[in-house]
Amino acid sequence: MGAAEAEAGETTRPGRGLAVASLAVGASGCTLAVATWAAWLLVRPQLVAAWAYSWVAQAFVLVLGALWFGLLPISVLALIFGLCADTRPRPDFGRIGMTLAVVTAVLALAGAAVFATTSWRRVGPPVAYFDTQTGTSR
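Participant: Help me understand the nonpolar core in this model?
Facilitator: The tendency in soluble globular proteins is for nonpolar side chains to be buried side by side. With 10 residues, the main nonpolar core is built from Ala33, Trp37, Trp40, Val61, Leu64, Trp68, Leu71, Ala108, Ala112 and Phe115. Mapped by element, the contributors of at least two residues to this core are helix H2 (16–49), helix H3 (54–84) and helix H4 (93–117). Per-element tally for this core: the top contributor is H3, with 4 residues.

Participant: Any chance you could explain a nonpolar patch on the surface here in plain terms?
Facilitator: Taken together, the side chains of Leu79, Leu83, Val102 and Val106 present a nonpolar region at the surface, about 350 Å² in accessible area. Relative to the helices and strands, valine 106 is located in helix H4. With relative accessibility at 53%, the residue valine 106 sits in the exposed group.

Participant: Honestly, the side chain of aspartate 92 in this entry has me stumped. Any pointers?
Facilitator: For aspartate 92, the location among the structural elements is in the loop between H3 and H4. Here arginine 16 takes part through its side chain, which lies 2.9 Å from a polar atom of the side chain of aspartate 92.

Participant: When you look at the environment of alanine 66 in this model, what are you seeing that I'm missing?
Facilitator: Note on placement: alanine 66 falls in helix H3. Of the residues examined, alanine 66 reaches a relative accessible area of 51% and is grouped as exposed. Residues alanine 66 and phenylalanine 115 lie 49 residues apart in sequence; the distance between their C-alpha atoms is 9.2 Å.

Participant: Which parts of the structure should I look at to understand the packing of aromatic side chains?
Facilitator: One pair of aromatic rings is described through two measures. These are the centre distance and the angle between the planes. The final tally for this structure, using the stated rule, is 3 aromatic pairs. For the ring pair tryptophan 37 and tryptophan 68, a centre distance of 5.0 Å and an interplane angle of 50° mean the geometry is tilted. In this pair, tryptophan 37 sits in helix H2 while tryptophan 68 sits in helix H3, placing the two residues 31 residues apart along the sequence. When sorted by exposure, tryptophan 37 lands in the same class as tryptophan 68, which is buried. Between the aromatic rings of phenylalanine 69 and phenylalanine 115, the centroid separation amounts to 6.1 Å while the plane-to-plane angle is 80°, which identifies the pairing as edge-to-face.

Participant: Even after reading the chapter, I still don't get H4, so can you show me in this structure?
Facilitator: Helical geometry note: an α-helix holds 3.6 residues per turn, so side chains three or four residues apart project in the same direction. Under the 1.5 Å per step criterion, the end-to-end length of H4 is 36 Å for 25 residues, consistent within 8% with the ideal 36 Å. Listed as buried for H4 are Gly94, Gly97, Met98, Ala101, Thr104, Ala105, Ala108, Gly111, Ala112 and Phe115.

Participant: Could you clarify how one ought to interpret the confidence of the model for the protein chain in this entry?
Facilitator: Low pLDDT marks regions whose predicted coordinates should not be analysed in detail. For the protein chain, per-residue confidence averages 76 on the pLDDT scale, and 63% of positions sit at 70 or higher. Of all helices and strands in the protein chain, the one with the weakest mean pLDDT is helix H1 (residues 2–7) (52), whereas H4 scores best (90). Here residues 123–131 is a poorly scored stretch, pLDDT under 50, and it has 19 contacts once near neighbours within four places are set aside; other chains count.

Rules used throughout
- Residues numbered from 1 in each chain as written.
- Predicted model: local features only at pLDDT ≥ 70, side-chain atom pairs only at ≥ 80, totals over all residues.
- Heavy atoms only, no water.
- Core = buried A, V, L, I, M, F, W, Y, C linked by side-chain atoms within 4.5 Å.
- Buried < 20%, exposed > 50% of the residue type's maximum accessible area, 1.4 Å probe, protein only.
- Helix = DSSP H or I, 4+ residues; strand = E, 2+ residues; numbered from the N terminus.
- Patch = residues over 30% accessible without salt bridge, like charges linked within 9 Å, V, L, I, M, F, W, Y side chains within 5 Å.
- Areas by Shrake-Rupley, 256 points an atom, 1.4 Å probe, with all protein chains shown as cover.
- Salt bridge = Lys/Arg side-chain N within 4 Å of Asp/Glu carboxyl O.
- Polar contact = N/O pair within 3.5 Å; in protein donor to acceptor, adjacent residues only side chain to side chain.
- Phe/Tyr/Trp six-rings, centres within 6.5 Å; stacked < 30°, edge-to-face > 60°.
- Expected span 1.5 Å × (residues − 1).
- pLDDT = per-residue confidence, 0-100.
- Contact = heavy atoms within 4.5 Å.

If you want it as structure tokens, here you go:
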């Protein structure tokens, strides 16, 4: 019966659920990427400058770095869902989800690069600093 109904002109869109999943995952990933960047740009300079909160600053920076690296597989998942969705008749949720996945991937890669190349000097207690000068005592 299923084949007869399909031949009778009833069109089905098997990838509609994947398109909606791509949109949902892409939108949530993009929102989290923008929020992570906002937190990095607004809060991090003040925490690093404040000596009393050095451990808090270090934990904050590590959590933001983990978020950026965690957003990479989320963006790939949204992209795969969008590619697997059947969006040939007209672009819909799948295309929007794939676009948001690409934006999320770009923001996450930029954040991961900033996290990996940020100078870690002056983050942490003074006992954690390494003395590279010879002949001097603390």
